[in-house]
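Structure assessment
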Amino acid sequence: MLSQDPYQSRALISPAILARCEPVLYEREQCPAPAALNAAQRDAYRENGFLLLPELFSKSEVAGLFDEMQGMRADFAAAGRAEVIAEPGSGEVRSIFDVHRLNDLFAGLMRDPRVLNVAREILGSEVYIHQSRINYKPGFTGKEFYWHSDFETWHTEDGMPAMRALSCSILLTDNDEHNGPLMLIPGSHKHFISCAGETPDEHYKQSLQKQECGVPDELLLRYLADLGGITSCKGRAGSVVFFDCNTMHGSNGNITPYPRSNVFFVYNSIENQLHAPQGGLKPRPEFIAARQDVAALEPEPLEIAGSPA
Ligand code: 6CS
Ligand code: FE
């Protein structure tokens, strides 16, 4: 029976490439926030599916965020909390989820107008946080994040209806060509790659360490890369990468001595709140996919003790 779902995945016999149904970026008239991007930046985001804003946050702001991130890693790893995901093998901290609810400084960061108003403009609506996390990618032991579309997971496993969400990655350390920067495929956001395979129960317990289900077929990935190439998002700490929920991305392992640590806020349109997951899957935990206390975020400038406003 043909499904009404335009983004059916992990249900068909073979992988497929499907059309995107939603706009990438909404018209400025729909935007509730003051204009945050110029015309060239809007065009680049619409065309590529991502945009790098260099050094949006100052060195002193980044120093405060970096110290907070280090403190969280020590405290949370010791406490054995579910939000902490360990690297396979070494047991080093790979990610901490839900940082916008677990830490006041990161709660303030996701409301800062320098990032919140960009999300409101691109998504053309009020927004809330679907998911937040720090990916530590520690030196020597930081493992890769294999190629994937976040939306393929968020639609299939979280019931996110439409492509009206984006990730904001704030670099807390320098991301250079050696230590595993985010790699994105320009233009890939325009095509939905339907994946083969079936979602295992409690898949997140494995996928957040090493994703093997819900990853693109190699031939289709090659097709997207031949079309758009591969861009490594390198930048100094304090820089910010905004990328569409469906832009194909991944990152290599980090064997350099230098960590590649980024905090990610996933802004979802308030019009795009989660439904039930596809195929009767059990909803993922609240720390991975927010369903409770959803409310439009109000911009509030970040205040970090000791750093000039
Ligand atoms: O499953 C998720 O929601 C997470 N997995 C990946 C590989 N990227 C997005 C998100 O952090
Ligand atoms: Fe991702």
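Preceding this section is the structure that the text describes.
In what follows, the accompanying structure is described.

Our focus in this paragraph is the coordination of the iron ion (ligand 2). All of the protein donors around the iron ion (ligand 2) are His148 (NE2), Asp150 (OD) and His249 (NE2); their distances to the metal are 2.1 to 2.3 Å. Around the iron ion (ligand 2), the four donor atoms are arranged such that angles at the metal cover 80 to 170°; this shape is classified as irregular. Written as a sequence motif, the donor residues of the iron ion (ligand 2) are H-x1-D-x98-H.

Turning our attention to a nonpolar patch on the surface. On the surface, Ile17, Tyr223 and Leu227 cluster together to form a nonpolar patch covering roughly 290 Å² of accessible area. Tracing the backbone through its elements, the reader meets Ile17 in strand E1 (residues 16-19).

All right, on to the state of the cysteines then. For the structure shown, the criterion picks out zero disulfides. The thiol of Cys31 is unpaired, and the distance to the nearest cysteine sulfur, on Cys168, comes to 15 Å. Note on Cys195: no disulfide assigned, nearest cysteine sulfur contributed by Cys213 at a separation of 7.6 Å. On the basis of relative accessibility, which here comes to 3%, the residue Cys195 falls in the buried class.

Once that is clear, we can look at the sheet that holds strand E8 (residues 182-184). Ordered by their spatial adjacency, four strands build an open sheet running E6-E12-E8-E10, and the pairing between neighbours is antiparallel. The open sheet has two edge strands with one neighbour each: strand E6 (145-148) and strand E10 (231-233). Strand-to-strand twist in this sheet, taken as the mean axis angle between neighbours without regard to direction, amounts to 25°. Here E8 runs beside strand E12 (residues 249-251); their pairing, made up of three bridges, is antiparallel. By the bridge assignment for E12, Met183 is matched with Gly250.

Along the chain, the position of Val24 falls in the loop between E1 and helix H1 (39-48). With 221 residues separating them along the chain, Val24 and Cys245 place their C-alpha atoms 9.5 Å apart. Setting aside its immediate chain neighbours within four residues, Val24 contacts Tyr45, Arg46, Ile122, His189 and Asp244.

Taken together, Gln131, Arg133, His148, Asp150, Thr153, Trp154, Leu208, Gln211 and Arg284 make up the full set of residues adjacent to ligand 1. In this structure, an oxygen atom belonging to ligand 1 sits 2.9 Å away from a side-chain N or O atom of Gln131. Note that an oxygen atom of ligand 1 is positioned 3.0 Å from one of the side-chain N or O atoms of Arg133. Coverage of ligand 1 by the protein amounts to 94% of the 300 Å² it exposes when considered alone. Those elements that place two or more of their residues in the shell around ligand 1 are strand E5 (127-135) and helix H6 (150-158). No other element matches the three residues that H6 contributes to the shell around ligand 1. A per-class count over the shell around ligand 1 returns two nonpolar, four polar and three charged.

So, about the sheet that holds strand E11 (residues 240-244). An order of E2-E11-E7-E13-E5-E4-E3 is seen for the seven strands of this open sheet, with the pairing classed as antiparallel. The open sheet has two edge strands with one neighbour each: strand E2 (50-53) and strand E3 (84-86). With strand direction ignored, the average angle separating the axes of adjacent strands in the sheet is 20°. The sheet contact formed by strand E4 (residues 93-97) and E5 spans three bridges and is antiparallel. Bridge pairing links Phe97 to Arg133 in E5. Lying on the sheet, H6 is in contact with E5, strand E7 (165-171), E11 and strand E13 (262-269); it crosses E5 at an angle near 115°.

Here Leu302 shows up in the segment after E13. Judged by relative accessible area, Leu302 falls into the buried class, the value being 10%. Distance in space between the C-alpha atoms of Leu302 and Arg111 is 7.4 Å, their sequence separation being 191 residues. Apart from the residues within four sequence positions on either side, Leu302 is in contact with Phe57, Glu61, Leu105, Gly108, Leu109, Asp112 and Arg114.

A word on the environment of Ala36. Turning to its location among the elements, Ala36 is positioned in the loop between E1 and H1. Of the residues examined, Ala36 reaches a relative accessible area of 34% and is grouped as partly exposed. The spatial distance from the C-alpha of Ala36 to the C-alpha of Ala119 is 9.1 Å, given a sequence separation of 83 residues. Residues in contact with Ala36, not counting those within four places in the same chain, are Gln41, Asn117, Val118 and Glu121.

Conventions we followed
- Residues numbered from 1 in each chain as written.
- Chains lettered and ligands numbered in written order.
- Predicted model: local features only at pLDDT ≥ 70, side-chain atom pairs only at ≥ 80, totals over all residues.
- Heavy atoms only, no water.
- Donors = N, O, S within 2.8 Å, 3.2 Å for Na, K, Ca; no water.
- Tetrahedral: all angles 85-135°; square planar, octahedral: opposite > 155°, others 65-115°.
- Patch = residues over 30% accessible without salt bridge, like charges linked within 9 Å, V, L, I, M, F, W, Y side chains within 5 Å.
- Areas by Shrake-Rupley, 256 points an atom, 1.4 Å probe, with all protein chains shown as cover.
- Salt bridge = Lys/Arg side-chain N within 4 Å of Asp/Glu carboxyl O.
- Helix = DSSP H or I, 4+ residues; strand = E, 2+ residues; numbered from the N terminus.
- Disulfide = S-S within 2.5 Å.
- Buried < 20%, exposed > 50% of the residue type's maximum accessible area, 1.4 Å probe, protein only.
- Pairing = 2+ DSSP bridges.
- Axes fitted to C-alpha atoms, helices over the stretch in contact; angles between N-to-C directions.
- Contact = heavy atoms within 4.5 Å.
- Near = heavy atom within 4 Å.
- Polar contact = N/O pair within 3.5 Å; in protein donor to acceptor, adjacent residues only side chain to side chain.
- Nonpolar A, V, L, I, M, F, W, Y, C, P; charged D, E, K, R; others polar.

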